[in-house]
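Survey of secondary and tertiary structure
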Amino acid sequence: MRSALLVMIPGVPEPISPAATKTIGVRSLRRLAALAWLATAMAIALVAPAGSSEATTVKVWFLQGEQLVSVDRPGSTASDAVAALLAGPTATEKAQGMRTYVPAAAKLNSVTVVNGVARVDVTLSFALGRDAQSLDARLAQLVHTVSGLEGAKSVLLLVNGGTVYGMFPGIVTSRPITLKYLETPNVPASHPAPPSPTGPVAGLLESQQKLAALGFLLPADADGKNGPQTQTAVLAFQKWQGLDRDGVLGPQTQAALAKAQRPAPITQGPSGRRAEVLLDRQVALAIENNKVVRVIPVSTGAPSTPTPPGDYKVYAKIAKWWSTPFREWLLWAVPFNAGIAFHEFSEVPPYPASHGCVRQMQTTAKWMYDFSVVGMPVKVLTTSQ
Amino acid sequence: MRRLATIASLALLALSVPASAADPITTITPDQLTVGVSLPSDGFEVGVAKGDQVTYAQGFDIDLAREIAKQLGLTHVAFVQSPFGRLFSSGTKPWDVAIAQITITDQRRRTADFTQPYMTVDQGVLAAQTVKPVPRTLAGLRSLRLCALSKSTGVDAAKTVIAPTKPVRIIGNVPTLMLNLQTGRCQAVVYDAPSLGTLKARTPDRYGPFVGVIKTGEQYGIAVPKGSQVLTAVDAALGTLIADGTIQRLQKKWLTTNLAKLPTLR
């Protein structure tokens, strides 16, 4: 089943079709113009029918990774779009990692658009919940889905006809919300703290040289100092070997290191650069000409929001990527499956914890960004043993 | 210690004034406690309102109102949305009691009557993300653009304790106050510490650090219109809820941050 999938990428000069089978929605023209991608928009307009003539589908926005992505649904009105939003993603879309934060119990009462303000009246379930991120994300989904339909420039959320006060932490819902407000970053990027250094380690330099020879540490970082890079490399090694994941060069890790072989790619692929994401080991392999260049510890999607396995291609490199639904920055983002990307994050636990993205520590994110090229194959594998 | 003593004396009071079920109080709507609120305030009262009729609400204040009604033997509780200042201004009101983190002050006693206090709080100072480095002293805060909620005790604390070089910006409601803090138009907000703490805990990325507290030791009370006949019964009901630990339980349920860990600004 074909689904027109569009992911918003502020700062990237053209809209991206994440995979060959996915096409760019025509109604995205409105979005493009808003983000000053006019030149590109006009180029598309030359080859695609105008948005107004294709009034049989509406765009509905779900989440994938840390970003909003759209799918087409039959319909033409704001009411059609909200009804489709509340219905949630299909099983196929869910398998692609798409999800919704709108509670299943939420029902639509009415949508009316007057003077560019869409008054969307839903039942109370839509506004209930303790998780601030979930509340913000569902509001972003709603505002994005409704904006532009029937001339709606802003969205006033109503619950059974009433004004909503303070139910969405940090967002003023007692007046209309614009998509522009949600898309405008208003927090600085948070830089993750490097791991705290541990005590001196006997034979550190030798271990570092071994880690570097095996592809866990960059040769330049074999400097005899037990810093963040060494800890990252040790964590990568422990994950690769299936040891306890504490980032400390203890006796067990030292012993394993003494007899370790250089990791090999799990799959054979084309020459040039590519990456494998190993969900079971929670590492990514940066591969060049079928040789592992670097093993990187990552945290992929949590059990409730897994990273979908499959073959993908890097389609953009975005040094600073704003997450509209979660209102936070993703640094050194390398998206390869619509909203799913490699990116730096402040929390990279040694287990799967993300919304579907491949989180990295500060110690590797910039390196991976530099290593990546647009078009680079990325294979997400469930098992690597 | 002072707090413990207060609670002990309240317990005695509660014993000496039994629940008034035998002598039902007269409320605006029979068998209903009508409660004035000022939505929203994180942790305390958030919800949905059609005009001034609150159709859904949750939070510490809401649970407290329901517990009071239970103590008074009233079956129903209704909430009425109001601007904050009107909750304790003079004149007749469409509610029996007002619960909205209302600090008892001498000035407010001139226009409204108050129950005994049920919570002692300080003012908090929450900085915007854009403020760097974050000042850690009252003197350091003086050069910032401070904001506070209209008619709140935060205005007084900002003006008299911090005494900033730029005028304190007065903002009409809490959402706008916090929005201005997010965008950096307000460099720091002075507001009830438990509210700021709850807000910061729920969405930590949107604000700068919780700089500290200004020890005001102010006390929240339930306000009733001047001369209201319900005061005695409501005060007794509140006394029972303080003595039996209900207030403490509700604080734990709704107010998420440990304020004791915050530094006191000097």
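Above this text is the structure in question.
Note that this is a predicted model, so its numbers are computed, not measured. (Residues numbered from 1 in each chain as written. Chains lettered and ligands numbered in written order. Predicted model: local features only at pLDDT ≥ 70, side-chain atom pairs only at ≥ 80, totals over all residues. Heavy atoms only, no water.)

A short note on the overall build of chain B
The line we're drawing: Note on conventions: DSSP H or I runs of at least 4 residues are helices, E runs of at least 2 residues are strands, and numbering of each starts at the N terminus. Radius of gyration here is computed from C-alpha atoms only, and the compact-globule reference equals 2.2 Å multiplied by the residue count raised to the power 0.38. The contact rule is simple, with two residues in contact once any of their heavy atoms fall within 4.5 Å. Note that accessible areas follow from Shrake-Rupley with a 1.4 Å probe, and for residues the cover is restricted to the protein chains shown. We treat Lys and Arg as the positive residues and Asp and Glu as the negative residues; His and chain ends play no part in the count. A single reference atom marks each charge: NZ on Lys, CZ on Arg, CG on Asp, CD on Glu.
Of regular secondary structure, chain B possesses nine helices and 12 strands. What you see for chain B is a C-alpha radius of gyration of 19 Å, in line with the 18 Å of a compact globule of 266 residues. For the C-alpha atoms alone, the extent of chain B along its principal axes is close to 60 × 45 × 35 Å. Counted over contacts in chain B with a minimum sequence separation of 6, partners at least 24 positions apart contribute 74%. About 11400 Å² of surface is accessible on chain B, with carbon and sulfur atoms providing 55% of the total. Of the charged side chains in chain B, 29 are positive and 18 negative, and the gap between their average positions amounts to 11 Å.

Considering the overall build of chain A
Within chain A one finds 10 helices and 18 strands. Within chain A, counting contacts between residues at least 6 apart in sequence, those at least 24 apart form 60% of the total. Accessible surface for chain A amounts to roughly 15100 Å². Of this, 58% is attributable to carbon and sulfur atoms.

A word on the packing of helix α3 (residues 78-87) of chain A against helix α5 (residues 132-146) of chain A
When two helices pack together, their arrangement is given by the angle between their axes and by how far apart the axes lie. All names here are of chain A. Quick reminder of the rule: Lines fitted to the C-alpha atoms define the axes, with helices restricted to the stretch that makes contact. Angles between their N-to-C directions range from 0 to 180 degrees. Any angle that falls under 35 degrees is termed roughly parallel, while one over 145 is termed roughly antiparallel, one within 65 to 115 roughly perpendicular, and all others oblique. In this scheme the handedness of a crossing depends on how the near helix is turned from the far one: anticlockwise by less than a right angle means left-handed, clockwise means right-handed.
Relative to each other, α3 and α5 sit at 150°, their axes nearing to 9 Å. Classed by the angle they form, the pair α3 and α5 counts as roughly antiparallel. When the axes of α3 and α5 are compared, the crossing they make is right-handed. Of the residues in α5, those touching α3 at A78, A81, V82 and L85 are Q141, L142, T145 and V146.

Considering the interface of chain A and chain B
How we decide: Note on definitions: buried area is the accessible-area loss of two parts on being combined, 1.4 Å probe, summed for both. A pairing counts as a salt bridge when a side-chain nitrogen of Lys or Arg comes within 4 Å of a carboxyl oxygen of Asp or Glu. Two N or O atoms form a polar contact when they lie within 3.5 Å of each other; inside protein one atom must be a possible hydrogen donor and the other a possible acceptor, and for residues adjacent in sequence the pair counts only when both atoms belong to side chains.
Across the boundary between the two partners, chain A contributes 28 residues, which contact 23 residues of chain B. Overall, the association of chain A and chain B removes approximately 2200 Å² of surface from exposure, summing both partners, and the carbon and sulfur fraction of that is 54%. The interface formed by chain A and chain B contains one salt bridge. Here R206 of chain B ties to D136 of chain A by a salt bridge, and the two come within 2.0 Å at their closest N and O atoms. On the surface where chain A and chain B come into contact, there are seven residue pairs in polar contact (both at pLDDT 80 or more). Elements supplying a minimum of two residues to the side of chain A that touches chain B: α5 and β8 (162-165) of chain A. If you tally residues by element for the side of chain A that touches chain B, the top one is β8 of chain A, at four residues.

Details of the sheet that holds strand β7 (residues 119-127) of chain B
Residue and element names in this part refer to chain B. For clarity, the cut-off: Strands pair, by our definition, only if DSSP identifies at least two bridges between them.
With mixed pairing, five strands are arranged side by side in an open sheet as β9-β8-β10-β7-β11. Taken across any chain shown, the strands that pair with only one partner, and hence form the sheet edges, are β9 (169-171) and β11 (210-220). Neighbour-to-neighbour, the strand axes of this sheet turn through a mean angle of 25°, independent of strand direction. Relative to strand β10 (residues 188-192), strand β8 (residues 146-149) runs parallel, the two being bridged by three bridges. Residue pairing across strands places L146 opposite A188, the latter belonging to β10. Set on the sheet, helix α7 (residues 193-202) makes contact with β7, β10 and β11; between it and β7 the angle comes to about 50°.

Comments concerning α5 of chain A
Residue and element names in this part refer to chain A. Heads up, the condition is: In this scheme, a helix's expected span is set at 1.5 Å multiplied by one less than its residue total. Only protein chains enter the accessibility calculation, which uses a 1.4 Å probe; a residue whose area is less than 20% of its type maximum is buried, one above 50% is exposed, and one in between is partly exposed.
Its 15 residues place the ends of α5 21 Å apart at the C-alpha level, agreeing with the 21 Å of an ideal helix rising 1.5 Å per residue. The buried fraction of α5 amounts to 14 of the 15 residues, a majority that puts the element mostly inside the structure. Looking one or two residues past α5, G148 carries a phi angle of roughly 95°, positive in sign.

Some details on the environment of V159 of chain A
Take V159 of chain A: it is sitting in strand β7 (residues 154-159). Take V159 of chain A: its relative accessible area is 2%, and that puts it in the buried class.

Describing α3 of chain A
All names here are of chain A. Within α3 the residues assigned to the buried category are A78, A81, V82, A84, L85 and L86. The elements touched by buried residues of α3 are β2 (57-64), β3 (67-74), β5 (108-114), β6 (117-122) and α5. Following α3 by one or two positions, G88 has its phi on the positive side, about 85°.

Focus on the environment of Q362 of chain A
Residue and element names in this part refer to chain A. Its place among the elements puts Q362 in helix α10 (residues 362-371). Owing to a relative accessible area of 33%, Q362 belongs among the partly exposed residues under this scheme. Sequence spacing of Q362 and W332 is 30 residues, and the spatial spacing of their C-alpha atoms is 9.4 Å.

Remember, this is a structural readout, not a statement about activity or role.
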